[in-house]
Amino acid sequence: MSKQKQLELKKNMKPFEKANSKSSIKQLFNTIPPFFLLWFLSYQSLSISIWLSLALSFVAAGLIVRMFIIFHDCAHQSFFKNPKANRILGTITGIITHFAFEKWKRSHAIHHATSGNLDKRGTGDIWTMTVNEYINASFWTRLSYRLYRNPVVMFGLGPIFLFCVENRFNRKGAKRKERMNTYFINVSIVLIYALLIWTIGWQALLMIQLPILFVSGVLGIWLFYVQHQFEDSYFENEDEWDYVKAAVDGSSYYKLPKIMQWLTGNIGFHHVHHLSPRVPNYHLEKAHESTPPLQKATTITLASSLESIRFRLYDEKNKTFVSFREVKKLMEKPSLQPISDK
């Protein structure tokens, strides 16, 4: 894609970058009150059937994902026109979703600025090693990476680490605004939990809140993982990296059933979002449908997305993801141990 076409593509996004207050408020009302209603019904159902309570918690978890997309848009300053309104709502939804707003806002901005850049990995993204890096790595680094990319660890332990560790502590060198926001959200969560334990008991709280957090965490990690980890995704070194190509070629269009598209706040149109983060989630589909070049982005479905589980390492030479098994065969060849990146 020529630079001129890239500029035109970016220009085509401008009409969709304007937040619509009515659409934003409507989304708040059809997301946050239903979540609290489902939470209450889940509690009331404990005396009727644990399975009914669990089912309601699972639906509530879907609304947490949708609420996280609102939080996410606030971090991009795209949900409301007013920056202060975005910060306030971002902090409130951060309390409900258990994410530190200012901390996540910073790391996610870095993710957008470096997505697909092999020389600038490591902040706000999924740990991804190239084939050469893996072959040249020490035994312990390989083991750590294999554990990290193991589905049981990533989607089983990942949500626990995310909610209990990653989101709870400030990064080293964080500015005062970021630190105080994290402290405020942490204290708010503790106070809310203390109040709930006092009113309904810790057993009931665990039976409702634990499934909600775990399921929403698994769904969130999966969405983030699958939309950049597909077979022909885009990765380049700094000198060849291009923002528009990284957005359109390195982010997928995750075509989901309508109800799942609604629950995930249209984030399946991830290529549109990466091209222009200022487009509110409720305009992403319109932007996709109105821009023919964006319709050529890699499309994945629920069925085809499951294949991404086996994509573990990026092969720079062939521009594709490969499995550990494929790399093991390479490592068994003496001529390929070790392989230089140069």
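Per an unreviewed UniProt entry, the protein chain is named Omega-6 fatty acid desaturase (Delta-12 desaturase), and its organism is Aquibacillus albus.

Caption draft 1: Local environment of the overall build of the protein chain. When helices and strands are tallied, the protein chain shows 17 helices and five strands. Its C-alpha atoms give the protein chain a radius of gyration of 21 Å, within 12% of the compact-globule value 20 Å for 342 residues. If one aligns the C-alpha atoms of the protein chain with their principal axes, the spans along those axes are about 65 × 45 × 45 Å. Each of the 342 residues in the protein chain was classed as buried or not, and the buried ones make up 50%.

Caption draft 2: Structural context of the pattern of salt bridges. The tally for this structure, following the rule as stated, stands at seven salt bridges. A salt bridge links Glu 178 to Arg 171, with the nearest nitrogen and oxygen atoms 3.0 Å apart. As a salt-bridge pair, Lys 258 and Glu 285 come within 3.1 Å of each other at their nearest N and O atoms. One end of the pair, Lys 258, is in helix H13 (residues 258-263); the other, Glu 285, is in helix H15 (residues 284-290), with 27 residues separating them in the sequence. For Lys 258, a relative accessible area of 56% corresponds to the exposed category.

Caption draft 3: Main features of the confidence of the model for the protein chain. Per-residue confidence for the protein chain gives a mean pLDDT of 91, with 95% of residues at or over 70. Predicted confidence for residues 338-342 stays below pLDDT 50, and this span has 10 contacts to residues more than four positions away or in other chains.

Caption draft 4: Broad picture of the UniProt feature "transmembrane region" (unreviewed entry) in the protein chain. The UniProt entry lists residues 50-72, 152-169, 181-200 and 206-226 under the feature "transmembrane region" (unreviewed entry), expressed in the numbering used here. The distance from the first to the last C-alpha atom of residues 152-169 is 24 Å, and the span holds 83% helix and 0% strand. Along residues 206-226 one finds 100% helix and 0% strand; the C-alpha atoms at either end are 29 Å apart.

Caption draft 5: Focus on a positive patch on the surface. Positive charge collects at one region of the surface, where Arg 146, Arg 325, Lys 328 and Lys 329 lie side by side. Per-element tally for the positive patch: the top contributor is helix H17 (residues 324-331), with three residues. With respect to the helices, strands and loops of the structure, Arg 146 is situated in helix H8 (residues 139-149). On the basis of relative accessibility, which here comes to 39%, the residue Arg 146 falls in the partly exposed class.

Caption draft 6: Quick peek at helix H11 (residues 202-226). In a regular helix each residue adds 1.5 Å, so 25 residues correspond to 36 Å; H11 covers 35 Å between its end C-alpha atoms and thus fits that length. Considering bend angle alone, the principal kink of H11 is centred on Gln 209 and spans about 25 degrees; proline Pro 211 follows within four residues of it.

Caption draft 7: Broad picture of unusual backbone geometry. Of note, Gln 77 is a non-glycine position whose phi angle comes to about 60 degrees, a positive value. Tracing the backbone through its elements, the reader meets Gln 77 in the loop between helix H4 (50-75) and helix H5 (83-97). Given a relative accessible area of 16%, Gln 77 falls into the buried group. At Lys 319, a position not held by glycine, the phi torsion is positive, near 55 degrees.

Caption draft 8: Inspection of the packing of aromatic side chains at higher detail. Inspection of every chain in the model, using the stated rule, returns 25 aromatic pairs. Linked through ring pairs, Phe 68, Phe 71, Phe 99, Phe 101, Trp 104 and Phe 163 together constitute an aromatic cluster. Taking the ring centre of Trp 262 as reference, the NZ or CZ of Arg 66 above it sits at 3.7 Å. In this arrangement the basic side chain of Arg 142 is found over the ring face of Tyr 134, its NZ or CZ atom lying 5.8 Å from the centre.

Caption draft 9: Representation of a nonpolar patch on the surface within the structure. Among the surface-exposed residues, Phe 139, Trp 140, Leu 143 and Leu 147 lie close enough to one another that they form a single nonpolar patch of about 470 Å² accessible area. Its location among the elements puts Leu 143 in helix H8. You can call Leu 143 partly exposed: its relative accessible area is 32%.

Caption draft 10: Region of the structure containing the nonpolar core. By size, the foremost hydrophobic cluster in this structure holds 49 residues, and its most contacted members are Phe 35 and Phe 79. Within the residue set of this core, elements represented by two or more residues are helix H3 (32-45), H4, H5, helix H6 (101-114), helix H9 (151-166), helix H10 (176-200) and H11. No other element matches H4, which puts 12 residues into this core. Those residues in contact with Phe 35 that lie beyond four places of it in its chain are Ala 60, Leu 63, Ile 64, Met 67, Ile 96 and Ile 212.

Caption draft 11: Representation of the environment of Glu 8 in the model. Inspection of the secondary structure assignment puts Glu 8 in helix H1 (residues 3-12). Judged by its relative accessible area of 41%, Glu 8 falls in the partly exposed class. Taking C-alpha positions, Glu 8 is 31 Å from Arg 87, a pair spaced 79 residues apart along the chain.

Caption draft 12: Here's a closer look at the UniProt feature "domain: Fatty acid desaturase" (unreviewed entry) in the protein chain. The feature "domain: Fatty acid desaturase" (unreviewed entry), as annotated in UniProt, sits at residues 51-290 in this numbering. Span residues 51-290 is 68% helix and 2% strand, its end C-alpha atoms 44 Å apart.

Caption draft 13: Looking closely at a negative patch on the surface. Side chains of Glu 231, Asp 232, Asp 249, Glu 307 and Glu 326 sit close together on the surface and give a patch of like negative charge. Residue position: Glu 231 is located in the loop between H11 and helix H12 (243-250).

The rules behind these values
- Residues numbered from 1 in each chain as written.
- Predicted model: local features only at pLDDT ≥ 70, side-chain atom pairs only at ≥ 80, totals over all residues.
- Heavy atoms only, no water.
- Helix = DSSP H or I, 4+ residues; strand = E, 2+ residues; numbered from the N terminus.
- Rg over C-alpha atoms; globule rule 2.2 N^0.38 Å.
- Buried < 20%, exposed > 50% of the residue type's maximum accessible area, 1.4 Å probe, protein only.
- Salt bridge = Lys/Arg side-chain N within 4 Å of Asp/Glu carboxyl O.
- pLDDT = per-residue confidence, 0-100.
- Contact = heavy atoms within 4.5 Å.
- UniProt positions renumbered as here; feature names shortened; annotations may be inferred.
- Patch = residues over 30% accessible without salt bridge, like charges linked within 9 Å, V, L, I, M, F, W, Y side chains within 5 Å.
- Areas by Shrake-Rupley, 256 points an atom, 1.4 Å probe, with all protein chains shown as cover.
- Lys, Arg positive; Asp, Glu negative; His and termini not counted.
- Charge placed at Lys NZ, Arg CZ, Asp CG, Glu CD.
- Expected span 1.5 Å × (residues − 1).
- Bend = angle between axes of the 7 residues up to and from the residue.
- Phe/Tyr/Trp six-rings, centres within 6.5 Å; stacked < 30°, edge-to-face > 60°.
- Lys NZ or Arg CZ within 6 Å of the ring centre and 35° of its normal.
- Core = buried A, V, L, I, M, F, W, Y, C linked by side-chain atoms within 4.5 Å.

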